[in-house]
Structures are given as structure tokens and as C-alpha cells.
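Architecture and fold: a report
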Amino acid sequence: MRQKINKKEIRIRRHKKIRAKIFGTATKPRVCVFISNRHLYVQAIDDNKGKTLASVSDFELKKEKKENKITISKKLGLLLAEKIKKLKIHKIIFDRGGFKYHGRVKNIADGLREGGIKF
């Protein structure tokens with residue numbers, strides 16, 4: 001009898017396939033996205049040293065009552081772009097974390113692009 005695989009396990013499998021192909025360096029870090037049911041986390045990682053160069057989450061933003069998750073994700077992308085530019089980095093590798101590239105993940109990427117970061 002086949003076992004049912006839940007969505008989290010499928011996402012983790014997809015993420016492992018992505019991580020096998022991409023690698024971040026100090027000059028071109030990997031920007032990793034994680035989305036939980038309530039919060040958004042984005043960080044720039046140097047895989048050579050195993051260090052996080054910059055990170056943002058939606059805790060850092062002052063949320064207004066009628067702000068939805070999509071507008072918050074765009075602001076997160078812009079905020080991370082500012083932090084990355086202070087480190088004099090202009091190119092990144094985008095790691096969507098096994099999530100589909102639409103909605104909040106896409107808006108984070110769009111915010112990074114608007115902030116002047118190239119993929």
C-alpha cells in the first residue's frame with residue numbers, strides 16, 4: 001500500500017534538488033526564502049564560509065492593519081536589497097526554497113530587483 005506524502009515533504013524534496021545545483025559565495029550570495037503560515041524570512045548566505053551575510057523577516061516591518069502578505073513580501077525584498085547593497089554586493093543567486101515561484105516568493109524577487117540587485 002502506498003503511503004501518502006504530505007506537502008511539507010514534497011517541498012523539502014524539491015528544495016534538495018534546487019540546492020544540489022546552486023551555491024552562494026561571498027561576492028554572489030544565495031538568497032534563501034522561507035515562508036511559514038504566519039511569517040516570511042529571507043536571508044543572504046555565503047555557502048563557502050557557512051555564514052549569513054544579511055537577513056530580514058516580517059518582524060522588522062511595522063505592519064499596518066490592512067496590509068496583506070503580498071505587499072509585506074515586496075517590502076521585505078526592498079529591505080534586503082538595501083542591506084545587501086551596504087555590503088557592496090550587486091548580484092545574487094535566488095533560492096526559492098522549494099516553494100512555487102508565484103505570489104509572495106515572486107514579490108520578494110521583484111522587490112530585490114527594484115532595489116537594484118541582479119540575479
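Residues numbered from 1 in each chain as written. Predicted model: local features only at pLDDT ≥ 70, side-chain atom pairs only at ≥ 80, totals over all residues. Heavy atoms only, no water.

**Details of the overall build of the chain**
Inclusion rule: In DSSP terms, a helix is any run of H or I states spanning at least four residues, a strand is any run of E spanning at least two, and both are numbered starting from the N terminus. By definition, residues are in contact when any of their heavy atoms lie within 4.5 Å. Using a 1.4 Å probe, the Shrake-Rupley method yields the accessible areas, and only the shown protein chains count as cover for residues.
Looking only at helices and strands, one finds three helices and four strands in the chain. Residue pairs in contact within the chain that sit at least 24 positions apart in sequence constitute 59% of those at least 6 positions apart. Within the structure as shown, the chain displays about 8300 Å² of accessible surface, and the carbon and sulfur contribution to it stands at 53%.

**So, unusual backbone geometry**
The phi angle at lysine 88 is positive, at roughly 60°, despite the residue not being glycine. Along the chain, lysine 88 falls in the loop between α2 (69-86) and β4 (93-95).

**Details of the nonpolar core**
To keep things clear, this is the line we draw: Nonpolar core, defined: a set of buried Ala, Val, Leu, Ile, Met, Phe, Trp, Tyr and Cys residues in which side-chain atoms within 4.5 Å join the residues together. We call a residue buried when its accessible area falls under 20% of the maximum for its residue type, exposed when it is over 50%, and partly exposed in between, using a 1.4 Å probe and counting protein chains only.
Membership of the largest hydrophobic core comes to 23 residues, with the highest contact counts inside it found for Val31, Val33, Val42, Leu80, Ile84, Phe94 and Leu112. Broken down by secondary-structure element, the contributors of at least two residues to this core are β1 (30-35), β2 (40-46), β3 (51-57), α2 and α3 (104-114). In terms of residue count, the dominant contributor to this core is α2 (five residues).

**Regarding the packing of aromatic side chains**
Formally: Side-chain rings of Phe, Tyr and Trp, where Trp is taken by its six-membered ring, are said to pair if the distance between their centres is within 6.5 Å; with planes under 30 degrees apart they count as stacked, over 60 as edge-to-face, and otherwise as tilted.
Throughout the structure, instances matching the rule amount to five aromatic pairs. Pairing phenylalanine 94 with tyrosine 101 gives two aromatic rings, centres 6.3 Å apart and planes at 85°, and the pair type is edge-to-face. Judged by relative accessible area, phenylalanine 94 falls into the buried class, the value being 16%. Considering the side-chain rings of phenylalanine 94 and phenylalanine 119, the 5.4 Å spacing of their centres and the 40° angle between planes classify their relative orientation as tilted.

**Topic: the pairing of β2**
Side-chain positions along a regular strand alternate between the two faces of the sheet. Our working definition: In short, DSSP must find at least two bridges between two strands for them to pair.
Of all seven residues in β2, five are buried; the element is thus mostly enclosed. Inspection of the sheet shows β1 paired to β2 by six bridges, in the antiparallel sense. Bridge pairing in β2 places cysteine 32 opposite glutamine 43. Here β1 folds back onto β2, and the loop between the two strands holds four residues. Hairpin connection of β2 to β3: four residues between the antiparallel strands, including glycine 50 at a positive phi of 75°.

**What about the sheet that holds β4?**
Where we set the bar: A fitted line through C-alpha atoms represents every axis, and for helices the fit uses only the stretch in contact; the resulting angles, taken between N-to-C directions, go from 0 to 180 degrees.
The strand order β3-β2-β1-β4 describes an open sheet built from four strands, whose pairing is mixed. Pairing within the sheet leaves two strands with one partner each, and these edge strands are β3 and β4. On average, each strand axis in the sheet is tilted by 20° relative to the strand beside it, whichever way the strands run. α3 rests against β1, β2 and β4 of the sheet, and its axis sits at about 145° to β1.

**Thoughts on the pattern of salt bridges**
For the record, the criterion: By salt bridge we mean one thing: a side-chain nitrogen of Lys or Arg within 4 Å of a carboxyl oxygen of Asp or Glu.
Under the criterion given, the structure shown has seven salt bridges. Across the pair aspartate 47 and arginine 30 runs a salt bridge, and its minimum N-O distance is 2.9 Å. Linking aspartate 47 in the loop between β2 and β3 with arginine 30 in strand β1, this pair joins segments that are 17 residues apart in sequence. A residue is classified by how much of its surface remains accessible, and aspartate 47, at 16% relative accessible area, is buried. What makes arginine 30 buried here is its relative accessible area of 6%. Look at the salt bridges and you will find they share partners, linking Arg19, Arg30, Asp47 and Asp95 into a network.

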